[in-house]
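Structure at a glance
Now for the letters of each chain:
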Amino acid sequence: MTPELIPAQIQRYYFLAVLCFAPTLFFYYVGEEAVFTLNSIEMWQHQEFLNTVMYGMLGGGGNGRPPLFSWLMIPLAQLLGWDHVLVASRIITVGATLGTSLTVAWLSYQLWRDKRIAWMAALLYLLTVDVLFYRGWLAYADPLFAMLVVLAIALTWVACLRTSYRCLAGAVLAAFAAMLTKALTVYLFLGICWLVLLTQADYRRFLLRWQAWCVYATALLMPLLWFKLGNPDVAQHTILLRDITGKLVVPQWSDYLLRFLTYPLELFLRLMPASVFIGYVLWRKRSAAEAPPAAVRMALWMVLLNFLPYWLAPSGGTRYVLPIYALLVLPAAYFAVHQFERLALRKWVIGLITLALVANLIIYPQYQKKVRGQNYAKMAEQIVSEYGKFPLYATNVTSVGLSVVAHINSRRLNQPALVWPPVDFQNGIVIAYAETDVTGTLLRRLQINNDAVLLICRGDACTASR
C-alpha cells in the first residue's frame, strides 16, 4: 500500500469499525448499566434535574454521581420512548466513543498537519481492544467522561499551538462538563497534561500569562458554584472526593502487590494494537540517534504520568484511565503511518474488525441469551405478570437486581418507578438481594439461568402464587 492511498483506505476501515458498534445498541443490560437508566427514568418522573435519583432517593441512592449523562439520556428517551431507554443510553455511549476518536484525529491533525495520521488516530482509537469489544459501547458514564476529558486536553494543546484563549476557555468548559458527567479526576488528567505542556518554552510563555490565569480561576469557580446549586442533603462534592480517597485505602498487602504487578500488563493488553506498535517502535529505536518528534514524546509522557497515580493506587479498574487511551493513540498513529508495512497494520485492522463483527453479531447475543442478559428481562416480565397487581419495591442494588428493576420500570411506563420500601409498608413485594434486606416473608427465590432475586412479601401479597 503506497502512502498516497493510505487516507482513503483508512477512511474505509474507520467506517467499518464504526459499523461494528451498531449491534451493541440492542444488547440486553450488562453489568451496572441499569444505574444510569434508573437515574434517568426517576429524574424525569420526579422532575428533579440537579441530582440523580434512584429507588426514590436523591443522589442516585448514595451513588452521588453528577447528572450530565442523564441530561443527555432523558430527551433521547423521550424521543425514542422510555421503553427504549437502554438504547438511548447506548447511543450516547457509542456516540461519545466516536466523538473521542474524532477529537484525537483533530488533535493529531493540528500537531502534524497530515490527514493520514489523523484518520489513523481515529481508526486506532476505535480498534483499541478494550474500546472495540467492551468499553466503547458499555453504557456507563466512562465513555462520555473520557470524550470530554480528551476534548479538554486537546483544546488546551491546540490553545498552545495557536496562542488562543478561546481554545483555553473551551478546554475549561469541556473539563467542567466532564466533572458533571462523572468525577473530579478530570482536573487530575488535565493538570498533568498541563504540566507536560509547560516543558515547551513557547507553550510555557502562553500558559503562564495573566490572561491564562484568569481562565484557570474560572475553571476553579465553576465546580464551586455547581456544588452550591446542588441539594445540600446530597453533599455531592463529599461523595466525589470520597471516590478518590476511597481508592487510597490499602487492602491486604498481598492483593496490592499482585495488582501492582498485573495492572500494567492488563492495560497493555487492553490497549492493543496501539501499545504493541509503540512498544515495537521504541524497542527498535532504543539505540538509534533519531528521536521521535516533540509531540510524540509529550503524548507518551502524558500517558505515563497520568497512568502512575492509578497504578500506585491500591484499587481501581482500567476503566478509570480510559482518557489516556486516546493519548496513547497519538504516537501510535504517527508510528503506524510512517512504518505501515513493518507493523503489519492491515492484518491488525482486518483481524480486529472481523473478530468484532463475529463477537457482536453472533457470540455476545448467544451469551446473553443462554447465560445472562435476556434472563433479566424474563425475570422482570414474570414479576410484572404474576405480582404486578401488588405494590412493588426494590432493595436489590446488585447488577442483577438493578437490571430487573430497570426492565420493570420500562415495562410499566404509566406507573411510578419502583422505590425503596417504606419501613412501615403493610402490603407489597420487595425485590431483594438477601432475606435480611427487609422484614417480611420470603415469597420465592426467582431464578433464571444462574441469576436470581428474592421476593419478600408483606400483607395480602403473601397470598400470591409462589
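Please refer to the structure placed before this passage.
Summary of the structure given here. This structure is a prediction, so every number in the text was calculated from the model and none was measured.

1. Section: the overall build of the protein chain
In terms of helices and strands, the protein chain carries 20 helices and 5 strands. For a compact globule of 466 residues, the expected C-alpha radius of gyration is about 23 Å, and the protein chain comes in at 24 Å, within 12% of that figure. Every one of the 466 residues in the protein chain was classed for burial, and the buried ones make up 54%. The long-range share in the protein chain, meaning contacts at least 24 apart out of those at least 6 apart in sequence, stands at 77%. When the accessible surface of the protein chain is totalled, it reaches about 20500 Å², and 63% of it is carbon and sulfur. The distance from the centre of the 37 positive side-chain charges to the centre of the 23 negative ones in the protein chain is 10 Å.

2. As for helix α18 (residues 345-370)
Over its 26 residues, α18 runs 36 Å from end to end, which matches the ideal 38 Å to within 8%, given 1.5 Å per residue. The largest bend in α18 is about 45°, located at Ala359. Where α18 is concerned, the buried positions are Leu345, Val349, Leu352, Ile353, Ala356, Ala359, Asn360 and Gln368.

3. A few points about the pattern of salt bridges
Considering all chains together, one arrives at 10 salt bridges under this definition. Across the pair Arg135 and Asp130 runs a salt bridge, and its minimum N-O distance is 3.8 Å. The pair formed by Arg135 and Asp130 is uniform in burial state, with each residue classed as buried. Between Asp142 and Arg319 there is a salt bridge, with the nearest N and O atoms lying 2.8 Å from each other.

4. Comments concerning the packing of helix α8 (residues 142-162) against helix α9 (residues 165-181)
At a minimum axis distance of 8 Å, the contact between α8 and α9 shows a crossing angle of 165°. The pairing of α8 with α9 is recorded here as roughly antiparallel in orientation. The way α8 lies across α9 gives a crossing that is left-handed. Of the residues in α9, those in contact with Leu144, Phe145, Leu148, Val149, Leu151, Ala152, Leu155, Thr156, Val158, Ala159 and Arg162 of α8 are Cys167, Leu168, Gly170, Ala171, Ala174, Ala175, Ala177, Ala178 and Thr181.

5. A short note on the nonpolar core
Within the largest apolar cluster, 162 residues are counted, with the highest numbers of intra-cluster contacts made by Met120 and Trp157. Counting 7 residues, the second-largest nonpolar core is a separate cluster that includes Tyr393, Ala432, Val438 and Ile456.

6. Remarks on the environment of Asp460
Along the chain, Asp460 turns up in the segment after β5 (451-458). Setting aside chain neighbours within four positions, we find Asp460 in contact with Phe390 and Asn427.

7. Points about the pairing of strand β3 (residues 428-432)
Burial analysis of β3 places 5 of its 5 residues in the buried class, which makes it a mostly covered element. Of the two faces of β3, the one carrying Gly428, Val430 and Ala432 and the one carrying Ile429 and Ile431 are both buried. As paired strands, strand β2 (residues 392-394) and β3 are joined by 3 bridges and run parallel to one another. Paired with Ala394 across the two strands is Ile431, which belongs to β3.

8. Some remarks on the packing of aromatic side chains
One pass over the structure, following the stated rule, counts 27 aromatic pairs. Residues Phe36 and Phe69 carry aromatic rings whose centres are separated by 5.3 Å and whose planes lie at 55° to one another, so their mutual orientation is tilted. Pair noted here: Phe36 is in helix α2 (residues 34-46) and Phe69 is in helix α4 (residues 68-80), with a separation of 33 residues, a long-range link. Residue class for Phe36 comes out buried when judged on its relative accessible area of 13%. Judged by relative accessible area, which is 2%, Phe69 ranks as buried. Measuring from centroid to centroid gives 6.0 Å for Tyr334 and Phe335, while their planes differ by 70°, and the two rings are edge-to-face. With respect to burial, Tyr334 and Phe335 carry one shared label: buried. Here a set of aromatic residues connected by ring pairs shows up, and it is made of Phe27, Tyr134, Trp137, Tyr364 and Tyr367. Above the face of the Phe145 ring, Lys182 is positioned so that its terminal group lies 5.7 Å from the ring centre. Sitting over the ring of Tyr263, Arg259 keeps its end group 4.3 Å from the ring centre.

9. Notes on unusual backbone geometry
Cis geometry marks the peptide bond from Met272 to Pro273; its omega dihedral reads 5°. Within the secondary structure layout, Pro273 lies in the loop between α14 (253-270) and α15 (274-284). The backbone of Tyr55 sits at a positive phi, close to 55°, despite the residue not being glycine. With respect to the secondary-structure elements, Tyr55 resides in the loop between β1 (53-54) and α3 (58-61).

10. With respect to the sheet that holds β5
An order of β2-β3-β5-β4 is seen for the 4 strands of this open sheet, with the pairing classed as mixed. Two strands bound the open sheet, and with one partner strand each, they are β2 and β4 (441-448). Across the sheet, the mean angle separating the axes of adjacent strands is 25° when strand polarity is ignored. Here β4 runs beside β5; their pairing, made up of 7 bridges, is antiparallel. By the bridge assignment for β5, Leu446 is matched with Val453. Strand contacts of helix α19 (residues 374-387): β2, β3, β4 and β5, with the helix running at about 140° to β4, the strand carrying the most contacts. Contacts between helix α20 (residues 399-411) and the sheet are confined to β2, β3 and β5, with β5 contributing the most and set at about 65° to the helix.

Each value, and the rule that gives it
Residues numbered from 1 in each chain as written. Predicted model: local features only at pLDDT ≥ 70, side-chain atom pairs only at ≥ 80, totals over all residues. Heavy atoms only, no water. Helix = DSSP H or I, 4+ residues; strand = E, 2+ residues; numbered from the N terminus. Rg over C-alpha atoms; globule rule 2.2 N^0.38 Å. Buried < 20%, exposed > 50% of the residue type's maximum accessible area, 1.4 Å probe, protein only. Contact = heavy atoms within 4.5 Å. Areas by Shrake-Rupley, 256 points an atom, 1.4 Å probe, with all protein chains shown as cover. Lys, Arg positive; Asp, Glu negative; His and termini not counted. Charge placed at Lys NZ, Arg CZ, Asp CG, Glu CD. Expected span 1.5 Å × (residues − 1). Bend = angle between axes of the 7 residues up to and from the residue. Salt bridge = Lys/Arg side-chain N within 4 Å of Asp/Glu carboxyl O. Axes fitted to C-alpha atoms, helices over the stretch in contact; angles between N-to-C directions. Parallel < 35°, antiparallel > 145°, perpendicular 65-115°, else oblique. Left-handed = near helix turned anticlockwise from the far one by under 90°. Core = buried A, V, L, I, M, F, W, Y, C linked by side-chain atoms within 4.5 Å. Pairing = 2+ DSSP bridges. Phe/Tyr/Trp six-rings, centres within 6.5 Å; stacked < 30°, edge-to-face > 60°. Lys NZ or Arg CZ within 6 Å of the ring centre and 35° of its normal.

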